[in-house]
Structures are given as C-alpha cells and as structure tokens.
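Residue-level structural notes
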Amino acid sequence: MKYGFGVDLGGTTVKIAYFDETGTMLDKWEIPTRRDNGGENIIPDIADAVNRYRKEKNIADTELLGIGIGVPGAVVNGVVNRCVNLGWGIVPIEEELSKLTGLPVKASNDANVAALGEYWVGGGKGSQNVIFITLGTGVGGGIILDGKLLNGTHGAGGELGHMVLNPKETAICGCGKRGCVEQYCSATGIVRLAHQRLEKDGVASTLRELEDLTCRDVFDAGKAGDQVALEILDTYFDYMGQFLGSTCSVIDPEAVVIGGGVSKAGQVLLDGIAPYFHKYVFHAASGVKFALANLGNDAGAYGAFKLVLDK
Ligand SMILES: [Zn+2]
C-alpha cells in the first residue's frame, strides 16, 4: 500500500490530510497560514508539518506517492500566477515544496481541486463528466471531463463564476467586469437580490425585521411561506437556471454537484433550480443529475491527493 498527502491551502488555515492510495483519509490536521512578509513562510511551514508527520509516524519515503496541493489562485505548469489572498506573485510551488520535502508535488487551483475531490469520492462519485460549483462568498467551479480535470491554457479552466449573465448590470464584480454569475448566484448575490427587492416597495416581510440579512435568512423565510422571500428565491433560481442551463448546454455533463454555503439549503435549492434549468438548457443536454456536495471542507484535501494519484 502507498500513501500520500492532500493539502488545501486557504487564506487563514492550511488543511493537511494523510491518505492511503484507495482514498481513505487516515489523518488530518490544520496549521495557520502565515501571510506576513509576502507569504514567504507558507511553503516552509507546510514542508515542516509534512516532514514532522513522516518522522513521528516513521513513514519510509518509498511508501509515499507525494503531495497534492490546492491553492487559491491560478496554477500553470506547477507555478502559481499571482495569489492576492496569500500575498504571492509568481511562485513555483511544486518545485519549492518538492525541494523541501524530497517528494513529488502536484498543485492546482483550489476550486478545481475541490471539484476533483467531489468527483472522486463525493457528490459526483460514479460519473465521468462532472461540473462542480461552489456557492459561497463568490462562485467557484471545476469541470471534470472523461475523468480528467479541465485546467485550461492559463489555469482558468472551469472558472465559472465570471461568465456574464447580465451585461446591463451597473455594479462592478470583484473581477472588474459587470454582470458576472458571482454577482447573482453567490451567497452574497442572494443577499444583494434580497436588498434590491426589499427596497423596491413596502410589502410586509419578516426579512425587514432582520438587521444583518443572510442567505440563510432568505431560505428560512421562504420555507416559512414569506411571499417576498419566495419572490427573491424565484429570481435567484432563475439566475441559477440560466447559469447552469448555459454551462450544461456546452459541457453536457452527467452530473452537476453543488457545494458551498448556499448548498446548505439542501434539496429546496435543487428543486428550485430544476424548472428554470429545463427552461434554459439545450434539450439534448437536459438529462443531467443534480447533487449536493457531501465532502464539506474536506473536498479540497481529497482532490489534492487525487492530483498525486493521477500524476
Ligand atoms: Zn466577475
């Protein structure tokens, strides 16, 4: 049996997990992400954590396949190209981490890596063509085609959050453009749609009593039958239907797996999207299975280790 590490490098913590080659997670732990000094300690810290673990557990080098790592930025040929969250510019992460550990290293973008994890052992298990989207503060994504991650020429493959849904939008997206998927379909997007609806008129709604409106509040009020909340959700599901209908018309996947904070709404999210999805998708691509992600915060670590297995 061979083993390896899956690392999910985030802006505040680094999650490290130890796997056997069948994909069983044997151990996991976290270390803080030290972003000071241009993030220069991050890679040495990860190497240190991995090396200490190998020593502690007496793991022979011959038993190890390597380290896979997901990073919050674009990765091309093992080199990170700007990662604002970490204070990084151009960082040859595979080479640097490999030098410090003596192990093979394979890196990719964190959303892509989470997609790979959900495809491998999560909500997309058993399908060969999977679109994964994560609906959180922003919208991330990853596309698996014939069992392989679509990286793209510039490491931006599967970056679904910045497709334009509404060119007439006046607010500016985090990427600098206007009208991106992320501005409507993220958790932040739902809250924005909610404020826009509430400001439109004075129709009574329990949402008006809340000081800090969240995405969850909108779903909860909708479940309780609040008409304004239901209207907001209807607008949201329409955007999601456009987004996924267009994406599936191009990719024609077996499964769409939805993760991130918004997916905690559960089945009501999938049921709400379904009619709009069928309205917008090209008929030949309409037989898609929708599933909720089920690895939670571990998706990145699973997918990172899968990078090593696929190497
Ligand atoms: Zn954008």
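A brief report on the enclosed structure follows. Keep in mind it's a predicted model, so treat the numbers as computed, not measured.

A word on the packing of helix α6 (residues 187-200) against helix α7 (residues 215-223). Two elements in contact, α6 and α7, have axes whose closest approach is 8 Å; the angle formed by their N-to-C orientations is 60°. Each of Ala 187, Ile 190, Val 191 and Ala 194 in α6 lies in contact with α7, whose residues at this interface are Cys 215, Val 218 and Phe 219.

Glancing now at the coordination of the zinc ion. Here the zinc ion is held by His 162 (ND1), Cys 173 (SG), Cys 175 (SG) and Cys 180 (SG), and the distances to it run 2.0 to 2.3 Å. Coordination at the zinc ion is tetrahedral, judged from the 4 donor atoms that bind it and the angles of 105 to 115° they form at the metal. Along the chain, the residues donating to the zinc ion are arranged with the sequence spacing H-x10-C-x1-C-x4-C. Classification of Cys 175 by relative accessible area gives partly exposed; the value is 37%.

It is worth spelling out the pairing of strand β6 (residues 79-83) at this point. Strand direction decides the pairing type here: strand β5 (residues 74-76) and β6, joined by 3 bridges, are antiparallel. Bridging across to β6, Val 76 finds its partner in Val 79. Here β5 hands over to β6 after 2 residues, with Asn 77 in that stretch at a positive phi of 50°. Pairing of β6 with strand β7 (residues 88-91), which is carried by 3 bridges, proceeds in the antiparallel orientation. What sits directly across from Cys 83, in β7, is Trp 88.

Turning to the environment of Gln 267, a few remarks are in order. Among the secondary structure elements, Gln 267 is positioned in helix α9 (residues 267-280). The spatial distance from the C-alpha of Gln 267 to the C-alpha of Tyr 3 is 36 Å, given a sequence separation of 264 residues.

By size, the foremost hydrophobic cluster in this structure holds 44 residues, and its most contacted members are Cys 185, Phe 219, Tyr 236 and Phe 243. Of all the elements in the fold, those that place two or more residues in this core are β9 (130-135), β10 (139-145), α5 (182-185), α6, α7, α8 (227-251), β12 (255-259) and α9. It is α8 that provides the largest number of residues to this core, a total of 11 residues. Residues within four places of Cys 185 in sequence aside, it is in contact with Leu 135, Val 139, Leu 165, Tyr 236, Tyr 239, Met 240 and Phe 243. Of all hydrophobic cores here, the second largest spans 31 residues; its members include Ala 49, Val 75, Cys 83 and Ala 107.

With that settled, the discussion passes to the environment of Val 121. Tracing the backbone shows Val 121 in helix α4 (residues 110-121). Sequence separation between Val 121 and Leu 295 is 174 residues, and the spatial gap between their C-alpha atoms is 8.1 Å. Filtering out sequence-adjacent residues up to four positions away, Val 121 remains in contact with Asn 294, Leu 295 and Tyr 302.

All right, on to the packing of helix α2 (residues 42-56) against helix α3 (residues 93-101) then. Where α2 meets α3, the closest approach of the two axes is 9 Å, and the angle between their N-to-C directions is 40°. Between α2 and α3 lies a crossing whose hand is right-handed. Contacts between α2 and α3 involve Ile 43, Pro 44, Ile 46, Ala 47, Asn 51 and Arg 54 from the former and Ile 93, Glu 96, Leu 97, Leu 100 and Thr 101 from the latter. Classifying every residue of the contact of α2 with α3 gives 7 nonpolar, 2 polar and 2 charged.

Turning our attention to the sheet that holds β5. In sheet architecture, strand pairing relies on hydrogen bonds along the backbone and comes in two forms, parallel and antiparallel. Strand order in the open sheet formed by 3 strands is β5-β6-β7, and the pairing between neighbours is antiparallel. Whereas interior strands pair on both sides, the edge strands pair on one side only; in this sheet they are β5 and β7. On average, each strand axis in the sheet is inclined to that of its neighbour by 20°, with strand direction left out of account.

Okay, the pattern of salt bridges next. Counted by the stated rule, this structure contains 12 salt bridges. When the shortest N-O distance is used, the salt bridge between Asp 61 and Arg 54 registers 2.9 Å. Assessed through its relative accessible area of 52%, Asp 61 is described here as exposed. The partner of Glu 231 in a salt bridge is Arg 197, with the nearest N and O atoms 2.6 Å apart. Linking Glu 231 in helix α8 with Arg 197 in helix α6, this pair joins segments that are 34 residues apart in sequence. Overall, Arg 197 belongs to the buried group, its relative accessible area being 10%. Each of Arg 197, Asp 201, Arg 208 and Glu 231 takes part in salt bridges that share partners, so that together they form one network.

The end-to-end C-alpha separation of α9 is 20 Å, in line with the 20 Å expected for 14 residues at 1.5 Å each. Largest kink in α9: about 35°, centred on Ala 274, with the proline Pro 275 one to four residues after it. Taken residue by residue, α9 has Leu 269, Leu 270, Gly 272, Ile 273, Tyr 276 and Phe 277 as its buried positions.

Centre-to-centre distance and the angle between the planes together describe a pair of aromatic rings. Under the defined criterion, the tally for this structure stands at 12 aromatic pairs. Look at Trp 29 and Tyr 53: their rings are 4.7 Å apart centre to centre, the planes differ by 20°, and that puts the pair in the stacked class. Pair noted here: Trp 29 is in strand β3 (residues 25-32) and Tyr 53 is in helix α2, with a separation of 24 residues, a long-range link. With a relative accessible area of 8%, Tyr 53 lands in the buried category.

Criteria and thresholds
Residues numbered from 1 in each chain as written. Predicted model: local features only at pLDDT ≥ 70, side-chain atom pairs only at ≥ 80, totals over all residues. Heavy atoms only, no water. Axes fitted to C-alpha atoms, helices over the stretch in contact; angles between N-to-C directions. Helix = DSSP H or I, 4+ residues; strand = E, 2+ residues; numbered from the N terminus. Contact = heavy atoms within 4.5 Å. Donors = N, O, S within 2.8 Å, 3.2 Å for Na, K, Ca; no water. Tetrahedral: all angles 85-135°; square planar, octahedral: opposite > 155°, others 65-115°. Buried < 20%, exposed > 50% of the residue type's maximum accessible area, 1.4 Å probe, protein only. Pairing = 2+ DSSP bridges. Core = buried A, V, L, I, M, F, W, Y, C linked by side-chain atoms within 4.5 Å. Left-handed = near helix turned anticlockwise from the far one by under 90°. Nonpolar A, V, L, I, M, F, W, Y, C, P; charged D, E, K, R; others polar. Salt bridge = Lys/Arg side-chain N within 4 Å of Asp/Glu carboxyl O. Expected span 1.5 Å × (residues − 1). Bend = angle between axes of the 7 residues up to and from the residue. Phe/Tyr/Trp six-rings, centres within 6.5 Å; stacked < 30°, edge-to-face > 60°.

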